[in-house]
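In case you want the letters, here they are:
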Amino acid sequence: MTKSKWQMGAIENLIRLSVLVICHVSMVMGVRAQTFDTMRVPLARDSAWMNGHPGTVPLPPQGIVLGFDHVLSIYEWRGAFDYSVRAPRDANTPLRNAPSPMTDVHLKATSRFLPQDSLATTEALGMISASQPLAAYQPDEPSLAAFLTFFGSSYVTSPRPGTLAALLITKQASGFGVGGMKLDLPDGSLLSLGAGLARETQSAFGAATIGPSNSNSAGLSATGFVLRSDDSATTRPLADGVLASASARVDERFFAERAERFSNDSLRAMLLSGVNDPSGAQNAAHLQLGLLRRDFFFQPDTSATQSIKQERTEYAMALADSLSYPVLDDRVRAHLALELEPRDVIRRSDVPSGSLTSSAFSAFSTLMAPSEITSLRLATEGRLTFGDAVPGTLQRLPGALPADFSGEARMRYEERSETIRLISSEMTGVDETTIKKLSATLDQASYSARTTTAAAVLRYAPSFRDEAEIEATARILSYDTPSDLNDDEHDDLLASMRLKYFHYLTDQLRWEGSVRASREHLVYLKSDRSAQNAVTQSIVFGSLATIASPQIFASAGGEVFANYTVFDYINSLPLLSSIGNYLLRGMTITDTLAVPLGRMAGGAATIEQGVSLRVSERGSFNDQAFTERRDASVTELGASLLFGLASELFGAEPRWNLRLGARAFFLSHSGRGSEALTPGSAPFTELERQSRIGPMLLLSLTRPFATGPTLTGSLWYAVLTTQDFDTQSAAWRVASRSTQLESHLTAAWTF
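Nothing here was measured: the structure is a model prediction, and the numbers come from that model. (Residues numbered from 1 in each chain as written. Predicted model: local features only at pLDDT ≥ 70, side-chain atom pairs only at ≥ 80, totals over all residues. Heavy atoms only, no water.)

Chemist: Give me the overall build of the chain: which residues, what numbers.
Modeler: Counting its regular elements, the chain contains five helices and 28 strands. Buried residues in the chain amount to 37% of all 751 residues. (Helix = DSSP H or I, 4+ residues; strand = E, 2+ residues; numbered from the N terminus. Buried < 20%, exposed > 50% of the residue type's maximum accessible area, 1.4 Å probe, protein only.)

Rendered as structure tokens:
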């Protein structure tokens, strides 16, 4: 058997394995999704897409994508449409003598529905841009074109009336339509200027839901005139080894409401420098300067009749420099790096300072007060690498012979700080006591965090069949808060070590073993949080064996872990040692098998099975006596058995894959019950049981290296049974028994 055939067979079987693993992960996550959910962050008010300029953002693949996901009580829909037509940039094309239009269409939407809460959230983003050159394209000549752009974004939440979500902003929409001219220069630079109309909408549920005091909080809307320009200068050399580029955006919107102007302007300049010395030394530097000017409108949460406008101006700089120098014939190299990123944000509002402390603006007095946010990120790193390893990854270079020893040692220091202060000089007409209160409130969010990391990695690889690696890391974090009202000041020390070894018994059989150990000490420096000071120690043993050949693919692995947490206050209160301290331990076992059965119905047939078992326990722990008391135990088992039929893996023809079988998930939760307030008050027994088993279908249709339709979907029809154990009557009581459908579908068509 040749090496290339083995590699192709291994790749095919690894792809099959990944599908099974995804099935197992989605199955476990699906069961837990019923009790875990997150609200999505609203889309940005604007986008970098403008005028369909190729250099603005990377263009997505052209086509349409539709998707649907249903897991337990969560329904999600998504869709996207991307279409672009570009003017030919080659004078030899058939259209070289005629002006060619350019069109860009980008539409994206997602929606989520939770039936239990009757809560629906919908996000939408769209941009349609078309331009028409005024003359045929000519090489090395500027191209002037007229353009028309429509952009809109929205985020809508539809909660059940009377719920807490109804008190929040449930609809945000922003959009504009702009028409104008743009000029493409031969070097790739762009100049554009357009004008049009803009619309801003922000609303909540009706006054009857919110309350009479918030009668004006139902929403605000504004329509106005927009003036917009996007300009960019392509990267060009300034001197030997120095490149420069710049971009600017002007977005000014004028609304009739109180003659307000909404600004969203930015300016960016960048310098790049790279030097390669004949001796092998390399130096790269990057400098970026940025200016961002934005306005925001807020609706007061009281009976104020006017909205509040806040102006934010941000100044930013990012400087990065890295040096790599050969110390010994390029086998030992030294690396030095520096990163510096200061940032300054100034916030001002159009509300008179004296009104901020009145009852009409009580909730906004701190947010709307004039303030300045100063932040700094500073990082330095030194690293020494030796051997035929890729710096920072310890991967062998392609074609390089294995060295007996290779590795690296590194040290990194990073500091992040943020200071928020009140601009008291602009607080006219406000008494000194109020200024001190506002200043103290803003200062609570200030912090300074310093992280120092030291690490060393050593790898021993006497041959291609054997490799051992040991890594040691130490990290200390110091988080300081200048305000006495902020009790989050803490130090965190983490030390870890990892030992890993793998061996190829044959070209198809590989074994890997690992040991990981760590110790973390968390110390809060203020008495309000000192009860959380704790030392956590953990150790993990792992093993994995894999065989991959054209005849069979099998993978079996296991992991055993233990985690001990001891609180510092136990030393002064030993009676609580069996209550405060706790341990987590468990094991995970996975097994996957795929066997080809030959050809059937014009495709390759396989039978595949996968099993994943996880057992975890939690209990109280007495550190001095090294005794424990088990309080809870969770056992999770997932399994699947599939019959698969697929076309050839490689080739230009569409590849289809069909899997049909069954999947099961079992969960058992044991503990001492809610009445176990003191040790020995209740026996350890099973409290809950879940079982889901049913048929499953997976299908996919892909077109490698070609356009056309693609399809990926899965369907699992399972029975969901939840049982609560009644410890008094010692009998099972079935809480619910219902069938449950879990489905995923994604369809796409690329042009």
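Chemist: Account for helix 4 (residues 432-443), naming residues and giving values.
Modeler: Helix length check: helix 4 (twelve residues) gives 16 Å between terminal C-alpha atoms against 16 Å at 1.5 Å per residue, within 8%. For helix 4, the full list of buried residues reads T434, I435, L438 and L442. Relative to the axis of helix 4, the buried residues are bounded by an arc of 100 degrees and lie together on one face. For helix 4, the exposed residues lying more than 90 degrees away from the buried face are E432, K436 and K437. (Expected span 1.5 Å × (residues − 1). Arc of directions from axis to C-beta.)

Chemist: An account of the nonpolar core is needed here, citing residue identities and associated values.
Modeler: If you look at the biggest cluster of nonpolar residues, it comprises ten residues: V345, A369, I373, I420, L422, M427, V430, I435, L438 and L442. When contributions to this core are tallied by element, the ones reaching two or more residues are strand 15 (405-422) and helix 4. The biggest single contributor to this core is helix 4, with three residues. Those residues in contact with V345, other than ones at most four positions away along the chain, are T313, E314, S371, E372 and I373. With eight residues, the next largest nonpolar core counts M127, V178, A198 and V226 among its residues. (Core = buried A, V, L, I, M, F, W, Y, C linked by side-chain atoms within 4.5 Å. Contact = heavy atoms within 4.5 Å.)

Chemist: Explain the environment of L499 residue by residue, including any values.
Modeler: With respect to the secondary-structure elements, L499 resides in strand 18 (residues 490-504). What makes L499 partly exposed here is its relative accessible area of 45%. Separated by 28 residues in sequence, L499 and E471 place their C-alpha atoms 6.6 Å apart. Each residue touching L499, except ones within four places of it in the same chain, is listed here: E469, I470, G513, S514 and V515.

Chemist: Report on the environment of M411, specifying residues and quantitative values.
Modeler: Here M411 shows up in strand 15. Considered as a pair, M411 and A474 are 63 residues apart in the sequence and their alpha carbons are 9.6 Å apart. Discounting chain neighbours no more than four positions away, the residues touching M411 are T380, E381, G382, T453 and A454.

Chemist: Give a detailed account of the pattern of salt bridges, specifying residues and quantitative values.
Modeler: Applying the stated criterion across every chain, the model contains 41 salt bridges. The closest approach of N and O atoms between R236 and D187, which form a salt bridge, is 2.3 Å. Of this pair, R236 sits in strand 8 (residues 219-239) while D187 sits in the loop between strand 6 (171-184) and strand 7 (190-203), and the two are 49 residues apart along the sequence. E414 is the partner of R416 in a salt bridge, and the nearest nitrogen-oxygen pair spans 3.0 Å. (Salt bridge = Lys/Arg side-chain N within 4 Å of Asp/Glu carboxyl O.)

Chemist: Please give an account of the packing of aromatic side chains that cites residues and values.
Modeler: According to the stated counting rule, one finds twelve aromatic pairs in the structure shown. Aromatic pair F405 and Y460: ring centres 4.9 Å apart, planes at 40 degrees, arrangement tilted. Placement of the pair is F405 in strand 15 and Y460 in strand 16 (residues 447-463), with a sequence separation of 55 residues. In this structure Y460 comes out as partly exposed when scored by relative accessible area, which is 37%. Every member of this aromatic cluster is reached through a ring pair, and the members are F68, Y75, W77 and F113. R618 extends its terminal NZ or CZ atom over the ring of Y582, reaching a point 4.1 Å from the ring centre. (Phe/Tyr/Trp six-rings, centres within 6.5 Å; stacked < 30°, edge-to-face > 60°. Lys NZ or Arg CZ within 6 Å of the ring centre and 35° of its normal.)

Chemist: So what's going on with the environment of E742? Which residues, and what values?
Modeler: Note that E742 resides in strand 28 (residues 731-750). Considering only alpha carbons, one finds E742 and M696, 46 residues apart in sequence, at a separation of 9.4 Å. A polar contact of 3.4 Å, which involves the side chain of E742, links it to the side chain of H744. (Polar contact = N/O pair within 3.5 Å; in protein donor to acceptor, adjacent residues only side chain to side chain.)

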